[in-house]
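Structural characterization, general
Here is how the chains run, residue by residue.
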Amino acid sequence: MELKDLKNIGPKRLEGLNKLNIYNLNDLVFYAPNYYEDRKTLIPVKELKEGVAALVYVKIISGPFYKKTSRNMDMIIFNATDGERAVDIVFFNQRWAAANFKRNLSYFVFGKPSMFNNKISFINPIFSQTKTDELGSVVPVYPLTKAITNKVLRQCIKTALGEFEDVLVLPRSIAEKYNIINIKTLLNFVHFPDTISEAEYAFKSLAYIEAFLFHVMKYSGRSFSKKIDGFVLKDTEEEREFLRNLPFLLTDGQKKAIVDIKNDSESKKAMNRLIQGDVGSGKTVVSQYLAVKTVASGYQVAFMAPTTLLAIQNYEKLKTVSERMGFNCCLITSKTSKFEKNEIRKNLITGDLDILVGTHSLLNEDINFKNLGSVIIDEQHRFGVKQRDALIEKQKGANILVMSATPIPRSLALILYGDMDISEIHSMPKDRRKIDTFVVAKNEMGRVNGFVESEIKKGRQAYYVCPLIEDSEKSDLQSAKSLYQELQGKFDCNIAILTGQTSEEDKDEVMEKFKNGEIDILVSTTVIEVGIDVPNASTIVIMNAERFGLAQLHQLRGRVGRGKHKSTCIIVHNAKSEDTYKRLKTIERNSDGFYIAMEDLKERGPGEILGLKQSGTQKFKFLDFERDLKIVEESKIDFDLYIQDAPKDEFEVIKRNATDIFDIMDNGVLN
Ligand code: ADP
Ligand code: MG
């Protein structure tokens, strides 16, 4: 059956349904209401409250009284009572409605009461002599459009639900655990509930089902790396030596992550782990631990970073460790000479090279390892899924460790990286000083520049970050180019500019000079976001901060505070609204990236963060990320347990039904 075959659905209404993203009967069945109205519980007139929708049962005692409003509208008034207290029922421009009221008869009347002529009144309420689907029951209220009323929609849903065949969507064990009944009954409860609590139960159960099926689909997707047997690493003397020789005490978060890595890599299944931790939380040593353990166990390591500079930074650190341990470590980037590359290739194949650090150059087809035991990816969000997969493909069963300095709430991480186990580093190294953060208005730039100047005089360096590269006629946002010129006139020091227009080569050169201290001030766009370590940079000034997301601002702030100097982040805004100002203050007051990520999520919604918003269609129907974080997490734990020894037939059926019903596969989350 198609939509157009439904009763009362002509071309106009069909168009209306399409506007609501309803194209077939399944869409109707899974169309979620916004809220519920209790049109069932009778309220005595004396308990009516202005503005609170309620149902009364009243007898018409007089009327109709016809009047005209000052704007020449028809107005018809009836006096009614529930035997105890009087109430007026008023219609504007609804002669047809008035014609249906008969004196001395009793009616159910539902609406939001208001005060009218000093009397509690129902204005244009719905009413009926007997109980109907629309009255005398709990009624879901749906998102609507002009051509489609709630009543019409409910009729359509009723028919569609009648045609709907119950299917298996949850494993029996899980359905039992949560007392979730079959999906057809749940849908009946959602659309035609007896009580509000019945509707809530069904709504929540469907949210759970949706989350669970999402995990099912994600697991079955192409880019999902299933737990496979992998290289088993040994418990080595070298890893203990490495940990003993660290120049600092590990934080609790680091210790926990190291234990996770140890357990994963010593087990038969290949490790597939994400480490999330704020900039500066010390993810590097954690990854080095894995590198040491891998080589000491007789395997090779590939370490990939998103930029040449980050690759060099990581290479230098790993080289120091390697020299101490007697490992061989090399770097490969686009700048590596042909000759060196050949050497590297040769030594990889013979197994003489233990650790290869590099950029995308690692992905070249002619880079082949003898026995790649672990793959480490830094700043993983900078890589596409394809690049990640390409490196992982180099060796099936290799232990995979990816790191991200863009903490996202756990529930989102489960959605984005559902196939990975996650370690979170919440604690910062003890000696890390808080970065002083100030939110200031644009007209205070004079003072801001003065502050930067005094820092430069002390021998420090500074960043200025702008939202635009060049001035634009369409906006008055600060551009990097004009600020660069302006600052050159103001300061007597070395200033450089770095934007998305700068070539890769020049970029590396500028960053190198900044790192060496040859450049004092770096004016840039957000291209400097990646985790470069310039310990001497102590100030970052962010222009038009209102244009950036909270997580991004926090990320930018992390460019400073990487050395022993007291560091400052100045957030310059041109905010017109109090809300924007308050939002920026969140950054001033908080330094926990996970907390800020959560605030960011609340503000922008998961859709935007996941990149789902473009199409405007609602992706999850009953599941709401903010409200249902717990459900997302629980369902993931349940799924992981289930999949370990899922009955194959059952899983296949659930998978097929998930595709059919929810069509999650082409909603874009999984691409
Ligand atoms: P990120 O997590 O951003 O990659 P890094 O690993 O680069 O952070 O660490 C930032 C700095 O903190 C480095 O200089 C590192 O040596 C130092 N560091 C890491 N862990 C600790 C610790 N537990 N105590 C003190 N300093 C630490
Ligand atoms: Mg790092």
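A few points on the structure. (Residues numbered from 1 in each chain as written. Chains lettered and ligands numbered in written order. Predicted model: local features only at pLDDT ≥ 70, side-chain atom pairs only at ≥ 80, totals over all residues. Heavy atoms only, no water.)

**Structural notes on the overall build of the protein chain**
When you go through the protein chain residue by residue, the secondary structure sums to 22 helices and 22 strands. Dimensions of the protein chain, computed from the C-alpha atoms along their principal axes, are close to 100 × 65 × 45 Å. Relative to its full complement of 671 residues, the protein chain shows a buried share of 52%. The long-range fraction of contacts in the protein chain, counting pairs at least 24 apart against all pairs at least 6 apart in sequence, stands at 72%. Carbon and sulfur atoms form 49% of the exposed surface of the protein chain, whose accessible area is close to 31700 Å². Across the protein chain, the centroid of the 95 positively charged side chains sits 4 Å from that of the 92 negatively charged ones. (Helix = DSSP H or I, 4+ residues; strand = E, 2+ residues; numbered from the N terminus. Buried < 20%, exposed > 50% of the residue type's maximum accessible area, 1.4 Å probe, protein only. Contact = heavy atoms within 4.5 Å. Areas by Shrake-Rupley, 256 points an atom, 1.4 Å probe, with all protein chains shown as cover. Lys, Arg positive; Asp, Glu negative; His and termini not counted. Charge placed at Lys NZ, Arg CZ, Asp CG, Glu CD.)

**Remarks on unusual backbone geometry**
Put simply, glycine 63 and proline 64 share a cis peptide bond, and its omega is 0°. Of note, proline 64 is situated in strand 2 (residues 54-68). One non-glycine residue with positive phi stands out, namely asparagine 93, at about 50°. Within the fold, asparagine 93 resides in the loop between strand 4 (86-92) and helix 3 (95-98). In this structure, asparagine 104 is a non-glycine residue whose phi angle is positive, near 75°. Mapped onto the elements of the fold, asparagine 104 is located in the loop between helix 3 and strand 5 (106-111).

**A closer look at the site of ligand 1**
What surrounds ligand 1 is a group of 17 residues, the closest being Leu249, Gly280, Lys283, Thr284 and Arg432. Take serine 281: an N or O atom from its main chain is 3.5 Å from an oxygen atom of ligand 1. Take glycine 282: an N or O atom from its main chain is 3.1 Å from an oxygen atom of ligand 1. For ligand 1, whose free accessible area comes to 560 Å², the fraction covered by protein is 82%. Grouping the amino acids of the shell around ligand 1 by side-chain chemistry returns five nonpolar, six polar and six charged. (Near = heavy atom within 4 Å. Polar contact = N/O pair within 3.5 Å; in protein donor to acceptor, adjacent residues only side chain to side chain. Nonpolar A, V, L, I, M, F, W, Y, C, P; charged D, E, K, R; others polar.)

**Quick look at the sheet that holds strand 16 (residues 421-425)**
By way of backbone hydrogen bonds, the strands of a sheet pair with one another, either parallel or antiparallel. Taken together, the seven strands give an open sheet; going across it, the order is 12-13-11-14-15-10-16, and neighbouring strands pair in parallel fashion. At either end of the open sheet lies a strand with only one pairing partner, and these are strand 12 (329-332) and strand 16. On average, each strand axis in the sheet is inclined to that of its neighbour by 15°, with strand direction left out of account. Relative to strand 14 (residues 372-377), strand 11 (residues 300-304) runs parallel, the two being bridged by five bridges. Residue pairing across strands places alanine 302 opposite valine 375, the latter belonging to strand 14. The strands that helix 10 (residues 283-296) touches are strand 10 (272-277), strand 11, strand 13 (355-358), strand 14, strand 15 (399-404) and strand 16; relative to strand 14, the one it contacts most, it runs at about 170°. (Pairing = 2+ DSSP bridges. Axes fitted to C-alpha atoms, helices over the stretch in contact; angles between N-to-C directions.)

**Side note on the environment of valine 402**
With respect to the helices, strands and loops of the structure, valine 402 is situated in strand 15. Taking the C-alpha atoms as reference, valine 402 lies 9.3 Å from methionine 420; in sequence the two are 18 residues apart.

**Here's the deal with the pattern of salt bridges**
Applying the stated criterion across every chain yields a total of 35 salt bridges. Residue lysine 585 is joined to glutamate 588 by a salt bridge in which the shortest nitrogen-to-oxygen separation is 3.0 Å. Of this pair, lysine 585 and glutamate 588 both sit in helix 19 (residues 578-589), three residues apart, which is roughly one turn of that helix. Judged by its relative accessible area of 18%, lysine 585 is buried. Because the salt bridges share partners, they merge into one network encompassing Asp235, Glu237, Glu239, Arg240, Arg244, Lys262, Glu266 and Lys293. (Salt bridge = Lys/Arg side-chain N within 4 Å of Asp/Glu carboxyl O.)

**What about the state of the cysteines?**
Scanning the model with the defined rule gives zero disulfides in all. With no disulfide of its own, cysteine 569 lies closest to cysteine 466 among cysteine sulfurs, the gap being 14 Å. For cysteine 569, a relative accessible area of 1% corresponds to the buried category. (Disulfide = S-S within 2.5 Å.)

**Notes on the packing of helix 8 (residues 237-244) against helix 10**
Where helix 8 contacts helix 10, the axes come no closer than 8 Å and their chain directions differ by 150°. Between helix 8 and helix 10, the crossing angle belongs to the class labelled roughly antiparallel. With respect to the hand of their crossing, helix 8 and helix 10 are arranged in right-handed fashion. Here helix 8 contributes Glu238, Glu239, Phe242 and Leu243 to the contact with helix 10, which in turn contributes Val285, Gln288, Tyr289, Val292, Lys293 and Ala296. Partitioning the contact of helix 8 with helix 10 into residue classes produces six nonpolar, one polar and three charged. (Parallel < 35°, antiparallel > 145°, perpendicular 65-115°, else oblique. Left-handed = near helix turned anticlockwise from the far one by under 90°.)

**Comments concerning the nonpolar core**
Residues Leu28, Leu153, Leu187 and Phe622 are the most contacted members of the largest nonpolar core, which totals 59 residues. Secondary-structure elements contributing two or more residues to this core are helix 2 (25-29), helix 4 (150-163), helix 5 (172-178), helix 6 (183-191), helix 7 (196-220), helix 21 (629-644) and helix 22 (648-662). Per-element accounting of this core gives the leading share, 14 residues, to helix 7. Listed in part, the 36 residues of the second largest apolar core include Ile261, Met271, Phe327 and Leu401. (Core = buried A, V, L, I, M, F, W, Y, C linked by side-chain atoms within 4.5 Å.)

**Some details on the packing of aromatic side chains**
For the structure shown, the criterion picks out 19 aromatic pairs. Judged by centre distance (5.1 Å) and plane angle (80°), the ring pair of phenylalanine 203 and phenylalanine 622 falls under edge-to-face. In this pair, phenylalanine 203 is assigned in helix 7 and phenylalanine 622 in the loop between helix 20 (593-610) and helix 21, connecting sequence segments 419 residues apart. The pair formed by phenylalanine 203 and phenylalanine 622 is uniform in burial state, with each residue classed as buried. (Phe/Tyr/Trp six-rings, centres within 6.5 Å; stacked < 30°, edge-to-face > 60°.)

**Here's the deal with the packing of helix 6 against helix 7**
Interhelical geometry of helix 6 versus helix 7 gives an angle of 130° and a closest axis separation of 8 Å. When the interaxial angle is binned, helix 6 and helix 7 end up oblique. The handedness of the crossing between helix 6 and helix 7 is left-handed. Of the residues in helix 7, those in contact with Ile183, Leu186, Leu187, Phe189 and Val190 of helix 6 are Glu198, Ala199, Tyr201, Ala202, Phe203, Ser205, Leu206 and Ile209. Looking at the contact of helix 6 with helix 7, its residues break down into eleven nonpolar, one polar and one charged.

**Brief notes about the sheet that holds strand 3 (residues 74-81)**
As summarised here, the arrangement of the seven strands in space is 6-7-4-3-2-5-8, forming an open sheet in which the pairing is mixed. The open sheet has two free edges, formed respectively by strand 6 (113-116) and strand 8 (126-128), since each of these has just one partner strand. If you compare each strand with its neighbour and ignore which way they point, the axes differ by 45° on average. One ladder, built from seven bridges, connects strand 2 with strand 3; its direction is antiparallel. From the neighbouring strand, isoleucine 60 faces strand 3, where its bridge partner is alanine 80.

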